[in-house]
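Listed below are the residues making up each chain.
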Amino acid sequence: MNPYTWRAVVNGAEAELHVQPAERLLTILRDDLGLTGTKVSCELGRCGSCIVHMDGRPVNACLVMAYQCNGASITTIEGLAEGDLHKVQEAFLEEGGFQCGYCTPGMIMSVKALLDETPNPTTDQIKEGLSGNICRCTGYGGILRAVKRCGGNASK
Amino acid sequence: MLTRGERTSHKWRRRPDGPDKVTGALRYLTDMSLPGMLHGKVLRSAEPHAFVLDIRTAKAERVPGVAAVITHLDVPGLNRFGIVNPDQPVLCEDRVRYVGDAIAAVAADTKETAEYALSLIEVDYEPIPVVDDPELALLPESPKLHEGGNVLHRTSYRKGEPEDAFAGCTHIVEGTYYTPRQMHAYMETEGGLFVPEADGRLTVYAATQHGYKDRMQLSRILGIPEEAIRIVSSPIGGSFGGKDELNVQPYGALLARKAGIPVKLHNSRRESVRAGLKRHPMKIVMKTGIDGEGRLIAHEARITADTGAYSTLGAPVLNFATEHASGPYRIPHVSIEGVSVFTNNGVSGEFRGFGGNQAIFAVESQMNRLAELAGMDPWEFRRLNLREPDDPGPLGQRILPSAGLLKAWQSIADSEVWSRRTRKPTESEPWIKRGVGAALAMHGSGLGYGIPDPGGGRLSLTKEGKLEAAFSFEEFGQGITATLELMLMERFGCGADDLSIVIGDTDRVPHTGSSTASRSTTIAHIALSKLHPQLSERLIAGASAMAGVAAERLMTGPGGIWIKPDDDSGSSLAATYKELAETLGGELAFETKFDFPVTPDPIVGGHYLYTCAAVAVEAEINTLTGAVRLLAKHHAVAAGPAVNPMGYIGQIEGASVMAQGFTLTEDALMLDGHYKTENLDNYIVPTIRDVADDFTLHAIEELPEGDPYGPRGIGEVGSVALAPAIAMAVRDAVGKWVNRLPIPREELIESFASQLAGKTEGAGAT
Amino acid sequence: MAMENAERAGETALHEPKTAEEAWRVKRSLGHAASYVSGGTLLRTQWENGLKSMPRHLISLEKIGELSGIRLAGAHVRIGAAARLNECRAHPLLLRHGGLLVRAIGEIAAPSVRHLATLGGNVSSLTGDAIPALMAMDASVIFFRERCWRTESVRDWIQGAGAVREPDDLIGAIAIPVRSGDGEGDEEAGGSFEFYEKVGRREAFTPSLVTVAGQGMVSDDGALRDIRLSAGGGSALPDRLPAAERALSGARLSEEMLAVIHQTIKDQYKAAEDLFAGSGYRKEASANLITSQLWKRLKS
């Protein structure tokens, strides 16, 4: 067995684990760290349910291997806000941006990344920013309205 | 209510399950784990059709870390499951009929160990020719998948003398329509945690849409009483009908009981694609005739459904398709025949729309073609032939009258989207063509005559002073908990924090049937109509005694019972719910049982409550590639009051996009009994980039005077009429009829060279 | 089914070479037992799909300095193979000199995947959607083999299996020629033009059915010059379309000529055939897309 020491900062707390170097970040988060907010769905980066932030950028945790995020700063949905809800989460609640909720953590992490880069996105920019997040329940209507609510009122 | 999605009233509330969902705090059943639990994996058939000559598990059993290996020899009770007819083996004995058939299962300390052990199980297959075409499956020389042959079910409905009536028709249209093998693609795959309890009971934490039915099926498989099993079945990350039937539960239950240790299973997406249910692909042949004025005279439909390897709900789906194959029209002569056929193609089963989507695509497409032959506007053509509110239902049964159909029709006629049909913009690029189409449907809710469709509910005041409602429903995104909260707040005038809503746990709720068939809103409404007055009266009587105030002066409200305000004083609290709970002692509970409303006429499968819907769509076709893009949608839904506006809009929008996938991009392709689209990289569901920005929903909330049933379910109806509306838009744009879904680009692509050649000639070439 | 992931992750060894030479040596010595891993996004998809097994050895390219960075190098923009797709898409040098590549990247995958996926990974997949753009731009691939760095046109490298391209080749960089007039707008009358079109099975995040790209210019006398056309899609290795290029070179655009070019493209384009689209559709679509783009040029 390869002893590989993985160290990272997860939601602001230092984590150190002995894992296989090719272990998926998704497995580390859910199984080793018990952070089940990040979801498992397609397992090949096509649905966005597992999106977390790595050094401030959105990535699919099912595609990132342990050695690729060693030393990184990782934020999951659980670390998005401490105490009060983040404005993106508030907007999702107000506009019904979720139904079953399974795509929601990854969706919210993508929205946050989008707004970090483009605080006032147009509809086209929102659609591009969320093009890697599949939702099967909402038809994306509530999601678009939620993002527009916290992204200002940029015209198309 | 006319909306583009914005909040509409005081009933617009944040969902009670919202905060946990947006923070990731909610534990879905597949997120659960226990220290020391085992991981289960199922060995599925390598062959789509074969005899199984031998199964050898000895090597797997010897792998360190493996706690249990099971085969059919380990099934103590009935080695079969299936909601209607249990004909699917839990673990195959001597024959496999599709690549998802289960042969063995392993529980081990890690997932990797379990997978490794699985790889050591040896199975001797003797392949049988694969039957992958339902029409070939019907031929006498095809291998028989089951004892009774390859026919699961036949349907037949006849009215008048259609064969003779065609002779008198001015125009006749014949069409053959094909619909795809659509996959539910819920974001959370099947899975759960199975816990053998110290007292000998088994707790099953696994998704379903009918906890009590799962309990019955598992008790039959395990050979233990139902009361020894507890099913916790909520919350769920999407289902759309796909998780109603059993899936991983038998394996989890058997492994957990054999090992005596909790077992977790969670299907990978590939496993889910391979073993899970799909929508019935159907081939529908129709022949429809009209007279010189455009009135429908005769209609014939022949439905062939590919039900795959096992029954599950194949028969009711065919019944439903048969019932919906004449649409909401008055047709004097009708002949519908259907056959549902076993093949080695996956397993087809319950899926939102339930056979309606396929039949409605076909019949509405017929109407489009007939209107054109008659030289009539296609929407006026429908008006001319529309059933009247008091007409019998499509199978001749009495149904609940409603003016909803005409109102839905009118909504489209008045819609801005429909008006674009006659005013098309000039395109900047000559290969972009625009078109507008619409379609109309009525869709039955409930399970239909002859099928047990139990409803009920329990309403109580708990010891803690909460008003508690309990139903055996599951929350899989549709918002049932939010709807129940709204219904209770409306009736009691109380706050959300006065409430306790209990669902999805067979130990804690009465049996109120399944969360399927757009039935739960209706069931809840009927149950609360009966139970609320009973509890309310009791609470008021109790408060009256406690406070010494006459009952007529009291009313329920936030926190407790209030004295109604009058000229002398404002309202004040007579007794809190908590005080009442303490005083009245113990639980104060009222229960009711009733069946979902059903037609009085004994027509098997016939429905009584219908939701009516129509949709208009504007589409753009790029003839360079044959791609269809949706620009605008206007949905009209007549389903009674919108109890939960946020939920209502969400369900229609979501169903509409699911229908868009059904029409344009989704097909779980199979070749020789093997799935070729094994994951979401090749099975194409719509993303946010595919969705039209221009969306309008017109919720028609009026019900006939004295309607006893209140709000209808709307979970399915948003998905049933979009396909033929898009087909009409395509015809409008490029002059082609499409009969096959998803619409093949090959049929709509046009050579740019031909366009150029046309131009050059037209420009007066020498 | 039971075989998927039968290799426990524990049996996979990680190598983290610091130079291209070191990486190449490890790969040469391990052969099929090892895979180069750049972003790893395509590989992880293939492993999950069961198309390939995770090899026993992974050679991470992430610590090789020579593979990183985007800079001007003489008459080229040199893009390190390890440059993430999003990094390329936003880089000022590429916005100015690599507009077609920037367009192409916008059609690849989705934002989160583009933060991991690299340009080198896209090219080494042999069917990546950046490749037709790079071919139309006359880009080159700089790769390491044996003891030294070598340069080939992207076109020749993609099409040169066994001769020009060997399995252990390690892509170090992609070089895009700098053209005068870059960044001054590409639709100037009488100026240069370029186009990139990808047809998938839905609007975004889709495998390509057909991808076409083109670059060229209209000289002062109205004739087409310096024209490059490329096409790919599905499992087909992207390629240039020299017959169509020859017919267009020095010619003046007209609708008659485009009708002829349409057939030339259909004849030359080597279309893939699979469950999602036949070769006939792909030929028609690629010819349609290229000629319609040229037609727009004609009309402007």
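Note that the structure is a prediction, hence the values are computed from the model and not measured.

Here's the deal with the overall build of chain B
Reasoning step 1: Helices and strands together make up the secondary structure of chain B, namely 20 helices and 33 strands.
Reasoning step 2: Dimensions of chain B along its principal axes, counting C-alpha atoms only, are 100 × 85 × 50 Å.
Reasoning step 3: Residues counted as buried form 61% of the 766 residues belonging to chain B.
Reasoning step 4: Summarising the internal contacts of chain B: among those between residues at least 6 apart in sequence, 81% fall at separations of at least 24.

Side note on the domain arrangement of chain B
All names here are of chain B.
Reasoning step 1: Here the domain parsing of chain B yields domain 1 (32-128 + 184-277), domain 2 (279-448 + 601-748) and domain 3 (454-595).
Reasoning step 2: Counting only elements with at least two residues in the side of domain 1 that touches domain 3, the list comes to helix H6 (211-222) and strand E14 (229-232).
Reasoning step 3: Among the elements that take part in the side of domain 1 that touches domain 3, H6 stands out by supplying 4 residues, more than any other.
Reasoning step 4: By residue class, the composition of the side of domain 1 that touches domain 3 is 5 nonpolar, 9 polar and 4 charged.

Here we look at the interface of chain B and chain A
Reasoning step 1: At the interface, 42 residues of chain B touch 40 residues of chain A.
Reasoning step 2: The set of elements that each furnish at least two residues to the side of chain B that touches chain A consists of helix H1 (18-23) and helix H17 (645-664) of chain B.
Reasoning step 3: At 7 residues, H17 of chain B tops the list of elements feeding residues into the side of chain B that touches chain A.

Topic: the sheet that holds strand E1 (residues 13-15) of chain C
Residues and elements named next belong to chain C.
Reasoning step 1: Judged by pairing direction, the sheet is parallel, and its 3 strands sit side by side in the order E1-E3-E2 without closing on themselves. Either end of the sheet is taken by a strand with one partner, and the two such strands are E1 and strand E2 (34-37). Along the sheet, successive strands turn relative to each other by an average axial angle of 25 degrees, direction set aside.
Reasoning step 2: As judged from the 4 bridges shared by E2 and strand E3 (residues 57-60), these two strands associate in the parallel manner.

Here's the deal with the domain arrangement of chain A
All names here are of chain A.
Reasoning step 1: One can read the domain layout of chain A as domain 1 (4-79) and domain 2 (87-150).
Reasoning step 2: When each unit is reduced to the centre of its C-alpha atoms, the spacing between domain 1 and domain 2 is 21 Å.
Reasoning step 3: For the side of domain 1 that touches domain 2, the secondary structure elements donating two or more residues are strand E3 (51-54) and strand E4 (57-60).
Reasoning step 4: For the side of domain 1 that touches domain 2, the element with the most residues is E3, which contributes 3 residues.
Reasoning step 5: Looking at the side of domain 1 that touches domain 2 residue by residue, the class counts come to 6 nonpolar, 5 polar and 2 charged.

Looking at the packing of helix H11 (residues 255-268) of chain C against helix H12 (residues 279-299) of chain C
Residues and elements named next belong to chain C.
Reasoning step 1: At their nearest, the axes of H11 and H12 sit 9 Å apart, and the two run at 145 degrees to each other. Here H11 runs over H12; the crossing is right-handed. On H12, the residues that touch Leu-258, Ile-261, His-262, Ile-265 and Lys-266 of H11 are Lys-283, Glu-284, Ser-286, Ala-287, Ile-290, Thr-291, Leu-294 and Trp-295.
Reasoning step 2: A breakdown of the residues in the contact of H11 with H12 according to their chemical character gives 7 nonpolar, 3 polar and 3 charged.

Examining the interface of chain C and chain B
Reasoning step 1: At the interface, 30 residues of chain C touch 32 residues of chain B.
Reasoning step 2: At 7 residues, the largest contribution of residues to the side of chain C that touches chain B is made by H12 of chain C.
Reasoning step 3: Taken together, the residues of the side of chain C that touches chain B break down into 14 nonpolar, 9 polar and 7 charged.

A word on the pairing of strand E23 (residues 467-470) of chain B
Walk down a regular strand and you will see the side chains alternate between the two sheet faces.
All names here are of chain B.
Reasoning step 1: Burial of the side chains of E23 extends over both faces: Leu-467 and Ala-469 are buried on one face and Glu-468 and Ala-470 on the other.
Reasoning step 2: As paired strands, strand E22 (residues 454-461) and E23 are joined by 4 bridges and run antiparallel to one another. For Leu-459, the partnering residue across the bridge sits in E23 and is Ala-469.
Reasoning step 3: Connecting E22 to the antiparallel partner E23 that follows it, the hairpin turn spans 5 residues, and Gly-465 within it adopts a positive phi of roughly 85 degrees.
Reasoning step 4: Relative to strand E24 (residues 499-502), E23 runs parallel, the two sharing 4 bridges. Counterpart to Ala-470 in the pairing with E24 is Val-502.
Reasoning step 5: Between the parallel pair E23 and E24, the chain is carried across by helix H14 (residues 480-492), and the sense of this crossover is right-handed.

Notes on the sheet that holds strand E2 (residues 38-44) of chain B
Strand pairing in a sheet takes place through backbone hydrogen bonds and is either antiparallel or parallel in direction.
Residue and element names in this part refer to chain B.
Reasoning step 1: With mixed pairing, the 7 strands of this open sheet are ordered in space as E4-E8-E2-E15-E12-E13-E14. If you trace the sheet from one side to the other, it starts and ends with strand E4 (66-70) and E14, each paired once. Mean inter-strand twist for the sheet, computed between neighbouring axes without regard to direction, equals 20 degrees.
Reasoning step 2: Bridging between E4 and strand E8 (residues 102-108) involves 4 bridges; their strand directions are antiparallel. Paired with Val-66 across the strands is Ala-108, a residue of E8.
Reasoning step 3: This element, H6, spans strand E13 (202-206) and E14 of the sheet and lies at about 145 degrees to E14.

How each quantity is defined
- Residues numbered from 1 in each chain as written.
- Chains lettered and ligands numbered in written order.
- Predicted model: local features only at pLDDT ≥ 70, side-chain atom pairs only at ≥ 80, totals over all residues.
- Helix = DSSP H or I, 4+ residues; strand = E, 2+ residues; numbered from the N terminus.
- Buried ≥ 20, exposed ≤ 12 C-beta atoms within 10 Å, placed from the backbone.
- Contact = placed C-beta atoms within 7 Å.
- Domains from an automatic or database assignment.
- Nonpolar A, V, L, I, M, F, W, Y, C, P; charged D, E, K, R; others polar.
- Pairing = 2+ DSSP bridges.
- Axes fitted to C-alpha atoms, helices over the stretch in contact; angles between N-to-C directions.
- Left-handed = near helix turned anticlockwise from the far one by under 90°.
- Right-handed = clockwise from strand over helix to strand, strands pointing away.

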